[in-house]
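Coordinate inspection notes
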Amino acid sequence: MEQTIRLRINGEPKELTVRPRRLLVDLLRYDLGLTGTKEGCSVGVCGACTVLVNGKNIASCITPAVFVDGCDITTIEGLAEDGRLHPLQQAFIDYGGFQCGICTPGQIMAAKALLDENPHPTEAEIKEWMMGNLCRCTGYYKILDSIKAAAGSEA
Amino acid sequence: MIDFDYRAPTSLDEALALLQQHGESARVVAGGTALVIMMKQRLVQPELLVSLRRVPELDAIRADNGTLRLGATATHRAVETHPVVRERWPLLAETFHHVATVRIRNMATVGGSLAHGDPNQDPPPALIALDARARLRSATGEREVPVRELFLDYYETDVRPGEVLTEVLVPTPPPGAGWAWVKFLPRTADDYATVSVACLLTREPGTQRCRDVRLALGSAGTTPVRAEAAEAALRGEDLTPARLREAAQLVADAVDPIADFRGSSEYKREMAVVWARRALEQALARAAA
């Protein structure tokens, strides 16, 4: 029943033995200790569990890890380089893009997928893209400010 | 989620053989956005998932002699962003763009959405308005079914055990056709529609007369609904505002909406009429004179 899968997680190749029912979010959090990725709604709606699979933002709470065998996975832990925060992480600090923080890793990963595809989005494009990442503190204006700032700093 | 076996064959033939061998204890999966949630909720408990994720070429999107061919494992996002779809099938690009969120559109596939048979989904009415066909393959043969005949009942489709929906074929709309796709979303932008309407409309050149029209609705019953009486009331007739209003009124008898937290059946029936009229007006405005 267990299967061996190969993933590249934040650039590092991993060979893992999992049951098919093991969800990617649980593999990251419990098998690999990458607890930056959060689980919120468990049905793909809230965005807290957002990670990148081959550069695309997906919901890790409804993705069995076997589905992404052979893929590149990027989590919030993979953004900082040489101790320097990613411009999005820095912008969320500078512009107060979080309150309680539980949605923040998902917000930042979704925003990263946006800026990788569209480095200078309009405000309307940011709002439409980020619509699927809920903030239970409702701090949406600061999240928007943070992403706009990061998009500017990456210019 | 209970335990299941998982196979990800690298050819369609291998996938079909597995399905034939395991019968109804196996389920086909691609993006998983629908099936995995149903498994987590224990609404379905397959013993084996046969994944199409490693079958090469099954996610291809291409135009071929005027027919758009959407591979079953093409994601919603791939359809929405494809330059040929945007240019020549704008009704589809618009529809797929408004499904759920980017995150879900990166996962959910064309074939999965159809095979799921959820009457709240957005692509089926658009594909019905475009007269699309679904191609189904099994270990023993292949057949084509018009998308309008694919949906039998609530979450029930004509995809038989052992069959895989491999491709959706969408003809080019007639020259000068106007289109519309509208989705009534009173709650949140990523919600299922309270009602959605797709419309494709052609005028007789140089006249106000309707040559042909197709009108289909989502979230309006246990399956997607084609509003045939409304269509018949318009074909060959002058497309005046009053005529569009009268035709839209006929949608009330075509739909049988399910009451839920988005509204009562009566409310949704009223909204189906309102949004059908808006779709007809938009399609007419886009149709060549």
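Residues numbered from 1 in each chain as written. Chains lettered and ligands numbered in written order. Predicted model: local features only at pLDDT ≥ 70, side-chain atom pairs only at ≥ 80, totals over all residues.

Quick word on the interface of chain B and chain A
How big an interface is tends to be stated in terms of the accessible area lost upon association of its parts. The following threshold applies: C-beta atoms are first placed from the backbone for all residues, and any pair lying within 7 Å is then listed as a contact. Only DSSP runs of H or I reaching four residues or more are called helices, and only runs of E reaching two or more are called strands; each is numbered from the N terminus. Polar here means any residue outside two lists: the nonpolar Ala, Val, Leu, Ile, Met, Phe, Trp, Tyr, Cys and Pro, and the charged Asp, Glu, Lys and Arg; Gly therefore counts as polar.
On the side of chain A, 23 residues touch chain B, which itself brings 20 residues to the contact. For the side of chain B that touches chain A, the elements supplying multiple residues, two or more each, are strand 1 (5-7), helix 2 (35-40) and helix 6 (102-105) of chain B. Partitioned by chemical class, the residues of the side of chain B that touches chain A number nine nonpolar, five polar and six charged.

Things to note about the pairing of strand 4 (residues 61-64) of chain B
Residues and elements named next belong to chain B. Keep this limit in mind: In this analysis, strands are considered paired if DSSP registers two or more bridges between them.
Pairing analysis gives four bridges linking strand 4 to strand 5 (residues 67-71), with the strands arranged antiparallel. Within strand 5, the position partnered with Asp64 by the bridge is Thr67. Between the antiparallel neighbours strand 4 and strand 5 lie two residues, among them Asn65 with a positive phi of about 55°.

Overview of the sheet that holds strand 2 (residues 12-18) of chain A
All names here are of chain A. Note the cut-off: Only the stretch in contact is used when fitting a helix axis, every axis being a line fitted to C-alpha atoms; angles between N-to-C directions are given from 0 to 180 degrees.
Across the sheet, five strands lie side by side as 2-1-5-3-4; this open sheet has mixed pairing. The sheet is open, and its two edges are formed by strand 2 and strand 4 (56-59), each paired on a single side. Strand-to-strand twist across the sheet, computed as the mean angle between neighbouring axes with direction ignored, equals 40°. Pairing analysis gives two bridges linking strand 3 (residues 50-53) to strand 5 (residues 72-74), with the strands arranged antiparallel. Bridging from a neighbouring strand, Val53 pairs with Ile73 of strand 5.

Let's talk about the nonpolar core
Residue and element names in this part refer to chain B. For clarity, the threshold we go by: By convention in this section, buried Ala, Val, Leu, Ile, Met, Phe, Trp, Tyr and Cys residues joined through C-beta atoms within 7 Å make up a nonpolar core. Buried means a residue has 20 or more other C-beta atoms within 10 Å of its own C-beta, exposed means 12 or fewer, and partly exposed covers the counts in between; C-beta atoms are placed from the backbone.
Within the largest apolar cluster, 142 residues are counted, with the highest numbers of intra-cluster contacts made by Cys199 and Ala276. The greatest single-element share of this core, amounting to nine residues, is contributed by helix 12 (residues 265-286). Among residues more than four places away in sequence, those in contact with Ala276 are Val197, Leu215, Leu217, Ala227, Ala230, Ala248 and Val251.

Notes on the domain arrangement of chain A
Residue and element names in this part refer to chain A. Which entries qualify depends on this criterion: The source of the domain bounds is an automatic or database domain assignment.
On domain assignment, one finds that chain A holds domain 1 (3-78) and domain 2 (87-153). Distance between the C-alpha centres of domain 1 and domain 2: 21 Å. Contacts between the two partners involve 14 residues from domain 1, matched on the other side by 13 residues from domain 2. Contributing elements (two or more residues each) for the side of domain 1 that touches domain 2: strand 3 and strand 4. Considering every element that reaches the side of domain 1 that touches domain 2, the biggest residue donor is strand 3, with three residues. Along the lines of polarity and charge, the residues of the side of domain 1 that touches domain 2 split into six nonpolar, six polar and two charged.

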